[in-house]
Amino acid sequence: VQLQACGGGLVQAGDSLRLSCAASGRTFSSYAMGWFRQAPGKEREFVAAISRSGGSTYYADSVKGRFTISRDNAKNMVYLQMDSLEREDTAVYYCAADLTGWRTVPYLLGEYDYWGQGTQVTVSS
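Student: Could you clarify how one ought to interpret the overall build of the protein in this entry?
Tutor: Helix and strand counts for the protein stand at zero helices and eleven strands. Along the protein, helices (α) and strands (β) appear in the sequence β-β-β-β-β-β-β-β-β-β-β when read from the amino end. Relative to the compact-globule value of 14 Å for 125 residues, the protein shows a C-alpha radius of gyration of 13 Å, a close match. Considering only C-alpha atoms, the protein reaches an extent of 40 × 25 × 25 Å along its principal axes. Counting over 125 residues, the protein shows a buried share of 46%. For the protein, long-range pairs separated by at least 24 residues make up 58% of all intrachain contacts whose partners lie at least 6 apart in sequence.

Student: Hey, could you run me through the sheet that holds strand 3 (residues 17-24) in this one?
Tutor: Neighbouring strands of a sheet are bound in pairs by backbone hydrogen bonds; such pairs are parallel or else antiparallel. Within the open sheet, the four strands sit side by side as 1-3-8-7. Their pairing is antiparallel. Since the sheet does not close on itself, it has two edges, and those belong to strand 1 (2-6) and strand 7 (67-72), each with one partner. Strand-to-strand, the axes of this sheet are offset by a mean angle of 15°, without reference to chain direction. Pairing of strand 1 with strand 3 involves five bridges; the strand directions are antiparallel. Within strand 3, the residue paired with Cys 6 across the bridge is Ser 20.

Student: Help me out: how do you make sense of the packing of aromatic side chains in this one?
Tutor: Between two aromatic rings, the relevant description is the distance of the centres plus the angle of the planes. Summed over the entire model, instances satisfying the criterion amount to eight aromatic pairs. Taking the centre distance of 5.3 Å and the plane angle of 50° together, the rings of Tyr 58 and Tyr 107 count as tilted. Of this pair, Tyr 58 sits in strand 6 (residues 57-59) while Tyr 107 sits in the loop between strand 9 (91-98) and strand 10 (114-115); the two residues are 49 residues apart in sequence, bridging distant segments of the chain. Given a relative accessible area of 40%, Tyr 58 falls into the partly exposed group. Overall, the relative accessible area of 32% leaves Tyr 107 in the partly exposed class.

Analysis parameters
Residues numbered from 1 in each chain as written. Predicted model: local features only at pLDDT ≥ 70, side-chain atom pairs only at ≥ 80, totals over all residues. Heavy atoms only, no water. Helix = DSSP H or I, 4+ residues; strand = E, 2+ residues; numbered from the N terminus. Rg over C-alpha atoms; globule rule 2.2 N^0.38 Å. Buried < 20%, exposed > 50% of the residue type's maximum accessible area, 1.4 Å probe, protein only. Contact = heavy atoms within 4.5 Å. Pairing = 2+ DSSP bridges. Axes fitted to C-alpha atoms, helices over the stretch in contact; angles between N-to-C directions. Phe/Tyr/Trp six-rings, centres within 6.5 Å; stacked < 30°, edge-to-face > 60°.

Geometric descriptors of this kind do not, in isolation, establish any biological role.
Here it is, written out as structure tokens:
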């Protein structure tokens, strides 16, 4: 599985941004997808995840109500709509695929098998 994330950029606090992740190599609808982020000097952390069908989602408390994860299985794409961005959202964002897990909406780092290269999101005040 190859994952290619894009859509990052420099925005101001309160702005919106949509990240996209294109997947290839396996049947996209057979694996759950997630977004993680890593800020400078910090560990990679969970942001959001979505089930294979897209019917279930799960969010980190820090982004709940501001971020929305979605997927289009016909296009092999997963998205992260980020609204009301805050400086604390500044990080490199990674999309990831879970092909083998048992959890419908995985949220642990170790549950994911494949990772994209990351896209930088910088929020200025």
